[in-house]
Every structure is written in C-alpha cells, then in structure tokens.
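# Structural features, examined
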Amino acid sequence: MKRILVTVGIVISLLAFAPKNKLVGRWESKPSPKGNVTGVVFNKDYTYEGYVNKKPFVSGTYRLGHSTITIEETGCNGVKAVYKLIFFSHSDSLRFEAISDSCAERKEGMQRTILGRVK
Amino acid sequence: MKKCVFIISAVIILLFMQAMIISNEPSNKQELGELLFFDPILSIDSTISCATCHKPQFAFADSSATSRGVGSIHGLRNTPSAMNVAMQRNFFWDGRAKTLEEQALAPIENPNEMNLPICEALQRLKKSESYNSYFKKIFKDEPTRSNLAEAIAAFERTLETSNSQFDQWKFYQEPHAVSEAVKRGFMVFNNKGKCIQCHFGANFARDEFRNIGLFNARELNDSGRAVISGDPKDAGKFKIAPLRNVAITAPYMHNGILKTLKDVIEFYNDPAKIVPNAINRDSLLAKPLGLSDQEKADLETFLMALTDKSFDINKK
C-alpha cells in the first residue's frame, strides 16, 4: 500500500512539474486584406489541424523542444520542419521562425503568420 | 358596397406587388450579382443565364458532360462548380482568367455559351429601368463593363461552403462526425492514393495545371493550358479541380468523360488502362496506384464527406 502511495505521489509530482504545453488550443490570425483568417488547433495528443476560413487544409503531428516545434504534416510531401516558437503578449500571441524547412511554400506561409490564442 | 370591396382588394394587391418588387431590389453588389447570375437577360436570345449551366442544386456545376448554350450549342468543356472560388487564382480549365471579375464576363461573350457582346449586354441593362437604377444606387454609376463584372464576381465570392462532415471532423474537432470509412479514406487520399499531391489546400486543389493523361492528340485532342501559355510542354494540362462538394458535381474531368466518382477512382488507380496512349501523363501517375477494393470504397466515402451539409446528399 505504501509503495502504491509513493508511486502515485511521484507520478503526481512529475505531472505537476512537467512543462505545460502552451500551444494546446485554437490559434488564429487576424483577417488578411482579403479577409482570410488562418488558424490552427494544437491538440494535447500532439496532432494539429490547420485551416483557412474554417476550411481545414492540413493535418499533422508535432513535437516540442526547448522553444522549438518539429512538425510533420499532410502537405509538403511529409517533409519534417523545425521552427522556433516565439510567444509574445503574455503568451497569447505566437509566431514562427524557420530553423529548417525545405518546403518553400510552407516556410513562406509560416514565417508571415502571426497567431493569437482564441479564448 | 361591391365596388368598395373591389377597390380595397385592388389596393391590397397593388401594395403586395409593390412590396414584392421592393424586396427583390438588391441592396449591395453581391445581391445585384445574384440577380444577374440568374437572369437570362445576359444571353443573346434571353434564354440562358449563368445559372442555366451553374445549377445551384449541383453545387453550381452542371450534370451533363458539356452544357448547352444559346441555340442548344454544346460547350467544349465540362462546367466547373462556381462555388468556393473566392481563394482561387486561376479560372477556367485552362486558367485563361486570372481574376473572378475577368472570368465573370467571358461566358457572356462566348459564342458557345451566352453569345452576347458585353457592349450589347450593357445597353440592355441601361435600357432596363430596374437594372439601371440598381447600378446607379449601388455603384453610383450606370452599368459598365467593370461594375457588371464586379457584381457577378461579388456574388460568386459568397458561394463558399465550409460545413461538410469533413469540416465537422477537422475544424470543429468532432471525431464522431465522420465514419471510420471516411477516416480510412482520408488516409488513402493522403498516402497511397497520392491525391493530396495535387488536391492540397482549403478547397482541395493547388493552383496548378497538370496532365493526368486525358490527352492523346487524337480523339482526346484538347490541349488545354498550352493554348494559353503557348508552351508545348503544357499540352494536355488542365487546372486541378477543387474537391469540395465533388460528390454532386458529376460528371468529371475537363471533358466530363468520367460519369461517377467510382470511375474517377478507377481512372487514377490505373490511368493507362483507361487511356493507354496518353501523351505526357504526369509522372505522379506513371505507375498504377494498386488500390484495393476496400481502399477505393473508403476513398469514395471520404470524397462524399466533402459535401456541404446544405446539400445533404444522404437525404436523396
């Protein structure tokens, strides 16, 4: 019994001190001059869905490193990419800076996108 | 007394009719565009409107391989859906228009479609008391080439759909919005089927032109994009078709040669089996995909899940 309690205690402590995934949730850009809104939902299970004007266009998985994100998705022939995550405005806004991404189309889109947390 | 009742009735009818007319009056360019889209006034013999070929019940596409224009003349290519065009950058199968405004006027003048020179169309609209007043009210100008295009394009931009089962699943994060078959079909779409290589994006299409193997310079002799670009390497290339609402826009391909989604999947599974002598077929389709019957069925189910709920094909 004592052992179980100790184990549960350790697990709870680990969870308490595990870094919180600040990405989880829905993020959206402000409307572009043409009125397009780009967004992404980062899920707890490390999957994500990207969309434009409520139309999903990309599904993928992500891994978090120290202030970096590695993504692999349905577009770009499944090529992996690493971006630096830059949170600002009390972590309610987010932008990406390419560390390595050979997919030019995605790189261009990611680097110009600023996302705000949807509350 | 009888006379009194008659007069009152007549006044009520007149007021009712006036109210009907007022309610039909467009208040912005989108509504004016809608009125024009459904009005045969823009065809030479006043029998064909944009909606004659872009039928709302078929996601603003047509159900025949090629549509009939004025004088029952058949067009040369399949009528594409006029829905979900707001984010597109090329219009028509060969991409000859770069903007929706440019696209909007072309069928009016096309001899196989509405066959009405734009200058005549404008004369008609100016002569029409109602249209003339609508244009003046909305554009502060009489009908012109540019505001006519602007109005029709503005209406077309309202024809966006984003409420399919797929959207419920992916955007609204409802895992039970789609069946397991749809989820498997999505996997086939992204992987073994290679569909995503071309059909990528919010409307499931890249803004590109590809030769899928429906050009052999004989009975299939529409060279597509090459006529516009002047580049022989573009022979047989056509615009990648968006897939939203694809289940209700049969028949398929630039010439409407494939009647059902099953036919389309069979074609892509082994294009050389259907058109053995195609010229310059895209290298993506060089080898048969080798889809199993289950994978083909799942892929079809996935494509059906791209139908907006406003069409509700399951009720049919």
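Along each chain, residues carry numbers from 1 onward, in the same order as the chain's sequence is written. Ligands are numbered from 1 and chains lettered from A, in the order in which they are written. Selection of residues for local features in this predicted model requires a pLDDT of at least 70, selection of side-chain atom pairs for listing and counting requires 80 or more, and totals for whole chains, interfaces and linings are taken over all residues. Only hydrogens and water are set aside when side-chain values are computed; all heavy atoms of the structure are taken into account.

To qualify as a helix, a DSSP run of H or I must reach at least 4 residues; to qualify as a strand, a run of E must reach at least 2; elements of each kind are numbered from the N terminus. When helices and strands are tallied, chain B shows 13 helices and two strands. Taken along its principal axes, the extent of the C-alpha atoms in chain B is 80 × 50 × 30 Å. Only protein chains enter the calculation, and the probe is 1.4 Å; a residue is then buried if its accessible area is under 20% of its type maximum, exposed if over 50%, and partly exposed in between. Scored against the burial criterion, the 316 residues of chain B give a buried share of 48%. Note on definitions: a residue-residue contact is assigned when non-hydrogen atoms from the two residues lie within 4.5 Å. For chain B, the share of sequence-separated contacts (at least 6 apart) that also reach a separation of at least 24 residues comes to 62%. Only four residue types enter the tally: Lys and Arg on the positive side, Asp and Glu on the negative side, with His and both chain ends excluded. Lysine's charge is taken at NZ, arginine's at CZ, aspartate's at CG and glutamate's at CD. With 39 positive and 37 negative side-chain charges, chain B shows a spacing of 1 Å between the two charge centroids.

With that settled, consider the packing of helix 2 (residues 29-37) of chain B against helix 7 (residues 145-156) of chain B. Residue and element names in this part refer to chain B. Inter-axis angles, ranging from 0 to 180 degrees, are taken between N-to-C directions of lines fitted to C-alpha atoms, where helices are fitted over the stretch in contact. The contact between helix 2 and helix 7 brings their axes to 7 Å, and the two run at 95°. In terms of their interaxial angle, helix 2 and helix 7 are classed as roughly perpendicular. Of the residues in helix 7, those in contact with K29, Q30, L32, G33, E34, L36 and F37 of helix 2 are L148, E150, A151, I152, A154, F155 and E156. Considered class by class, the residues forming the contact of helix 2 with helix 7 number eight nonpolar, two polar and four charged. Here the word oblique covers every angle except those under 35 degrees (roughly parallel), over 145 (roughly antiparallel) and from 65 to 115 (roughly perpendicular). When residue character is reported, Ala, Val, Leu, Ile, Met, Phe, Trp, Tyr, Cys and Pro are called nonpolar, Asp, Glu, Lys and Arg charged, and the others, Gly included, polar.

The subject of this paragraph is helix 11 (residues 261-269) of chain B. Taken together, the buried positions of helix 11 of chain B are L261(B), V264(B), I265(B), F267(B) and N269(B). Its buried side turned inward, helix 11 of chain B meets helix 12 (271-274) and helix 13 (293-304) of chain B.

This part is about empty space enclosed by the protein. Space inside and on the surface of the protein is sampled on a 1 Å grid over the protein atoms alone, with a cavity defined as a set of points where a 1.4 Å probe fits but cannot get out and a pocket as an open set with protein on both sides within 12 Å along at least 5 of 7 lines; lining residues have an atom within 4 Å of a point. Grid points are joined across faces, edges and corners, and a volume is the space filled by probe spheres set on the points. Under the counting rule described, the total for this entry stands at one cavity of 30 Å³ or more. Computed from the structure, the largest cavity encloses a volume of approximately 70 Å³. F57(A), V58(A), F166(B), F186(B) and F204(B) are the residues nearest the centre of the largest cavity, which is lined by 15 residues in total. Contributing elements (two or more residues each) for the lining of the largest cavity: strand 4 (55-64) of chain A together with helix 9 (180-190) of chain B. The leading source of residues in the lining of the largest cavity is strand 4 of chain A, at four residues. For the lining of the largest cavity, a count of residues per class yields nine nonpolar, five polar and one charged.

The omega torsion of the bond from A250(B) to P251(B) falls at 0°, within 30 degrees of zero and hence cis. Looking at the element boundaries, P251(B) is found in the loop between strand 2 (238-239) and helix 11. The backbone phi angle of S91(A) is positive, close to 65°, even though this residue is not glycine. The topology assignment puts S91(A) in the loop between strand 6 (81-88) and strand 7 (93-100). Notably, K140(B) is not glycine yet its phi reads approximately 55°, a positive angle. Tracing the sequence through the fold places K140(B) in the loop between helix 6 (129-139) and helix 7.

As a further point, take the pairing of strand 5 (residues 68-73) of chain A. Residues and elements named next belong to chain A. The buried count for strand 5 comes to five of six residues, which makes it a mostly enclosed element. In the sheet, strand 4 pairs with strand 5 via five bridges, with the strands oriented antiparallel. Paired with R63 across the strands is T70, a residue of strand 5. The turn joining strand 4 and strand 5, which pair antiparallel and follow one another in sequence, is formed by three residues; a positive phi near 55° is taken by S67. Pairs of strands are assigned from DSSP output, requiring at least two bridges between the strands.

What follows covers the packing of aromatic side chains. Ring pairs (aromatic) are described by centroid distance and by the angle formed between their planes. Note on ring pairs: Phe, Tyr and Trp rings are taken, using the six-membered ring of Trp, and paired if centres are within 6.5 Å. Classes follow the plane angle, with under 30 degrees stacked, over 60 edge-to-face and the rest tilted. Per the stated rule, a full pass over the model turns up 27 aromatic pairs over all chains. Ring plane angle 75° and centroid distance 6.4 Å describe the contact between F204(B) and F302(B), whose orientation is recorded as edge-to-face. Remark: F302(B) occurs in helix 13 and F204(B) occurs in the loop between helix 9 and strand 1 (209-210); sequence separation between them is 98 residues. F302(B) shares its class with F204(B); the two are buried. Put simply, the rings of F166(B), W169(B), F186(B), F189(B), F204(B) and F302(B) touch in pairs and so form one group of aromatic residues. Note on geometry: a ring has a charge over it if NZ (lysine) or CZ (arginine) is within 6 Å of the ring centre and within 35 degrees of the ring normal. The ring centre of F171(B) lies 4.4 Å from the NZ or CZ of R26(A), which sits over that ring.

Here the focus is the sheet that holds strand 7 of chain A. Residue and element names in this part refer to chain A. Pairing in this closed barrel of eight strands is antiparallel, and the strands run 1-2-3-4-5-6-7-8 around the ring. Taking each pair of neighbouring strands and ignoring which way they run, the sheet shows an average axis angle of 35°. With seven bridges connecting them, strand 6 and strand 7 associate as antiparallel partners. Within strand 7, the position partnered with L85 by the bridge is F96.

With that settled, consider the interface of chain A and chain B. Listed as interface residues are 19 residues of chain A and, on the opposing side, 22 residues of chain B. Of the roughly 1,600 Å² buried where chain A meets chain B, counting both sides, 56% is carbon and sulfur surface. Defined in terms of a 1.4 Å probe, buried area is the accessible area two parts forfeit on being brought together, summed over both. Interface area lost by chain A to chain B is led by K54(A), K55(A) and P56(A), which between them contribute 38%. Only one rule defines a salt bridge in this text: a Lys or Arg side-chain nitrogen within 4 Å of an Asp or Glu carboxyl oxygen. Across the chain A-chain B interface, the total number found is three salt bridges. Salt-bridge contacts for K170(B) lead to E49(A); the nearest nitrogen and oxygen are separated by 2.9 Å. In protein, a polar contact means a hydrogen-donor-capable atom and an acceptor-capable atom, both N or O and within 3.5 Å, with residues adjacent in sequence counting only if both atoms are side-chain atoms; elsewhere, any N or O pair within 3.5 Å suffices. Counting across the chain A and chain B interface gives eight residue pairs in polar contact (both at pLDDT 80 or more). Mapped onto the side of chain A that touches chain B, the elements with two or more residues apiece are strand 3 (47-52) and strand 4 of chain A. A per-class count over the side of chain A that touches chain B returns seven nonpolar, seven polar and five charged.

Our focus in this paragraph is the environment of F311(B). Residue and element names in this part refer to chain B. Within the secondary structure, F311 is located in the segment after helix 13. Classification of F311 as buried rests on a relative accessible area of 17%. For F311 and S164, which are 147 residues apart along the polypeptide, the C-alpha to C-alpha distance reads 9.4 Å.

Residue and element names in this part refer to chain B. Look at helix 2 against helix 6: their axes get within 10 Å of each other, and the N-to-C directions meet at 155°. Classified by the angle their axes make, helix 2 and helix 6 are roughly antiparallel. Viewed along their axes, helix 2 and helix 6 form a crossing whose handedness is left-handed. Each of K29, L32, L35 and L36 in helix 2 lies in contact with helix 6, whose residues at this interface are Y131, Y134, F135, I138 and F139. Considered class by class, the residues forming the contact of helix 2 with helix 6 number eight nonpolar, no polar and one charged. Put simply, a crossing is left-handed when the front helix is turned counterclockwise from the back one by less than a right angle, and right-handed when it is turned clockwise.

Purely geometric stuff here, so don't read any function into it on its own.
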